[in-house]
Amino acid sequence: MGLRQVGELLETSLYMSETTEKRIALVTGAGRGIGKSIAELLASKGHHVICISRSESSCGAVADAINAGGGSAESRALDVADKAAVKEACEALLEKHGNIDILVNNAGITRDGLLFRMSDDDWDDVIETNLSSCFTFIKYLARPMTRKRWGRIINMASVIGLTGNAGQANYAAAKAGMIGLTKSLAKEFAARNVTVNAVAPGFIATDMTAELNEKQQEAIVGIIPMKRMGEAKDIAATTAFLASEDAGYITGQVFTVDGGMVM
């Protein structure tokens with residue numbers, strides 16, 4: 001599904017109504033960038049947001065700001081690639097909250113390099129952090145969703161998972177794997193009213209892209225039909241829609257939010 005279709009949906013039903021039930025949302029990689037924007041927007045919709053990142057200072061600051069602004073949030077420092085730690089955290093959160101209604105698997109890293117120069121650690125780290133973490137969180141948090149017969153799972157993929165990119169075999173494989181995981185689990189959970197969708201951002205202005213020099217940024221903008229990078233709020237808006245009541249009949253889809261790069 002392309003940007004135009006997303007825009008049409010967002011025009012009419014982006015924001016949750018005031019009567020929407022307050023949900024418990026968990027966002028990984030919530031300490032900065034896209035994850036931070038998603039956490040803030042979900043909180044603004046009245047949800048309680050659990051901010052997860054490896055750094056307590058970063059996710060804690062996001063949660064503190066949400067609370068200071070009148071929202072509801074908490075934070076938890078967690079290495080999402082540590083399966084045992086994720087299991088323990090999920091069990092503790094379920095014991096505290098009863099269930100997680102909205103799961104946003106956003107945490108991700110890059111370890112770029114051409115294949116012959118890519119170390120086994122570079123491959124494993126990206127696969128474990130970007131892909132395996134999604135499997136682990138869903139494994140431990142989705143069962144209560146299916147019992148409650150309501151849930152939203154949004155996996156943050158990438159256009160690179162659709163097109164590939166030289167020097168990013170590990171990242172592309174992880175993101176493509178997330179798309180396959182999304183489509184498979186959408187079929188498994190559909191009868192229980194749990195939707196599973198993916199958002200595939202294009203080039204988004206974040207801390208990472210800010211580190212690129214002017215020539216590199218110009219080259220990126222040159223391949224985007226809209227002639228600009230996206231913003232974190234663009235991804236947050238699409239994610240918030242997919243987490244809403246209005247997206248209840250959408251599952252197994254990949255929403256490219258990329259300024260027209262992939263059509």
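Scope of this entry: the structure provided in the associated data block. (Residues numbered from 1 in each chain as written. Predicted model: local features only at pLDDT ≥ 70, side-chain atom pairs only at ≥ 80, totals over all residues. Heavy atoms only, no water.)

**Observations regarding the overall build of the chain**
Where we set the bar: Numbering of helices and strands runs from the N terminus; a helix is a DSSP stretch of H or I covering at least four residues, while a strand is a stretch of E covering at least two. Taken over C-alpha atoms, the radius of gyration is set against a globule rule of 2.2 Å times the number of residues to the power 0.38. Three exposure classes are used, based on accessible area relative to the maximum for each residue type with a 1.4 Å probe and protein chains only: buried under 20%, partly exposed in between, and exposed over 50%. Contacts between residues were defined by any pair of non-hydrogen atoms, one from each residue, lying within 4.5 Å. Charge assignment in this entry is limited to Lys and Arg as positive and Asp and Glu as negative, and neither His nor the chain termini are counted. Charge positions are represented by NZ for Lys, CZ for Arg, CG for Asp and CD for Glu.
A tally of helices and strands in the chain yields 10 helices and seven strands. For 263 residues, the compact-globule estimate of 2.2 N^0.38 gives 18 Å, and the chain sits close to it at 17 Å. Expressed along its principal axes, the backbone C-alpha trace of the chain runs to roughly 50 × 40 × 40 Å. Here the chain holds 263 residues, and 51% of them are scored as buried. Within the chain, residue pairs in contact and separated by at least 24 positions form 73% of the contacts whose partners lie at least 6 positions apart. Where the 27 positive side-chain charges of the chain centre and where its 31 negative ones centre are 6 Å apart.

**Regarding a negative patch on the surface**
Rules: Patch membership needs two things, relative accessible area over 30% and no salt bridge, and members are linked within 9 Å if like-charged or within 5 Å if nonpolar (Val, Leu, Ile, Met, Phe, Trp, Tyr). Methods summary: accessible areas were calculated by the Shrake-Rupley approach with a probe of 1.4 Å, and residue burial reflects only the protein chains presented. For this document, the term salt bridge refers to a Lys or Arg side-chain nitrogen within 4 Å of an Asp or Glu carboxyl oxygen.
On the surface, a cluster of negative charge is contributed by Asp120, Asp121, Asp124 and Asp125. As for its placement among the helices and strands, aspartate 120 is situated in helix 5 (residues 120–148).

**Overview of the pairing of strand 1 (residues 24–28)**
Our working rule: We treat two strands as partners when DSSP finds at least two bridges between them.
The element strand 1 is largely enclosed, with a buried count of five among its five residues. The alternating pattern of strand 1 places Ile24, Leu26 and Thr28 on one face and Ala25 and Val27 on the opposite face, and all of these are buried. Relative to strand 2 (residues 48–53), strand 1 is paired through five bridges, and the arrangement is parallel. Residue pairing for strand 2: leucine 26 is matched across the bridge by isoleucine 50. Note that strand 1 and strand 4 (residues 102–105) share three bridges and pair parallel. When the bridges of strand 4 are listed, valine 27 appears paired with valine 104.

**Points about helix 5**
Rules: Given the number of residues in a helix, its expected span is that number minus one, multiplied by 1.5 Å. A residue's bend is the angle separating two fitted axes: one through the seven residues that end there, the other through the seven that start there.
Here helix 5 contains 29 residues, and its C-alpha end-to-end distance of 41 Å stays within 8% of the 42 Å for a straight helix at 1.5 Å per residue. For helix 5, the principal kink sits at serine 132 and spans about 40°.

**Describing the environment of alanine 89**
Within the fold, alanine 89 resides in helix 4 (residues 83–97). On the basis of relative accessibility, which here comes to 2%, the residue alanine 89 falls in the buried class. Residues alanine 89 and phenylalanine 137 lie 48 residues apart in sequence; the distance between their C-alpha atoms is 9.5 Å. Residues contacting alanine 89, with those up to four places away along its chain left out, are Arg76 and Leu78.

**Structural notes on the pairing of strand 5 (residues 151–156)**
In terms of burial, strand 5 is a largely internal element, six of the six residues being buried. Judged by which residues are buried, strand 5 turns out to be covered on both faces: Gly151, Ile153 and Asn155 on one side and Arg152, Ile154 and Met156 on the other are all buried. The pairing of strand 4 with strand 5 spans four bridges and is classified as parallel. Counted as the bridge partner of leucine 103 is isoleucine 153 from strand 5.

**A few points about the sheet that holds strand 2**
For clarity, the cut-off: Angles shown run from 0 to 180 degrees and are taken between the N-to-C directions of axes, each axis being a line fitted to C-alpha atoms and, for helices, limited to the stretch in contact.
Taking strand neighbours across the sheet as the criterion, the seven strands line up as 3-2-1-4-5-6-7 in an open arrangement whose pairing is parallel. Strands with a single pairing partner mark the edges of an open sheet, and in this sheet they are strand 3 (72–77) and strand 7 (254–257). The sheet shows a mean angle of 15° between the axes of neighbouring strands, taken without regard to direction. Packing of helix 7 (residues 169–189) onto the sheet brings it into contact with strand 4, strand 5, strand 6 (194–201) and strand 7, and relative to strand 6 it is tilted by some 160°.

**Quick word on the state of the cysteines**
Where we set the bar: To count as a disulfide, a pair of cysteine sulfur atoms needs to be within 2.5 Å.
Under the defined criterion, the tally for this structure stands at zero disulfides. Looking at the unpaired cysteine 51, the closest cysteine sulfur is the one in cysteine 59, lying at 6.9 Å. Overall, the relative accessible area of 0% leaves cysteine 51 in the buried class. Of the cysteine sulfurs around cysteine 90, a residue in no disulfide, the closest is that of cysteine 134, at 12 Å.

**Description of the nonpolar core**
Basically, it comes down to this: For the purposes of this section, nonpolar cores are sets of buried Ala, Val, Leu, Ile, Met, Phe, Trp, Tyr and Cys residues that join through side-chain atoms within 4.5 Å.
Leu26, Leu103, Phe137, Ile138, Leu141, Ile153 and Phe189 are the most contacted members of the largest nonpolar core, which totals 37 residues. Counting residues per element, the ones that place at least two in this core are strand 1, strand 2, helix 4, helix 5, helix 7 and strand 6. Per-element tally for this core: the top contributor is helix 5, with nine residues. Setting aside residues up to four positions removed in sequence, leucine 103 forms contacts with Leu26, Phe137, Ile138, Leu141, Met145, Arg152, Ile153 and Ile154. Judged by nonpolar contacts, the second largest core, of 33 residues, contains Val27, Leu42, Val62 and Phe255.

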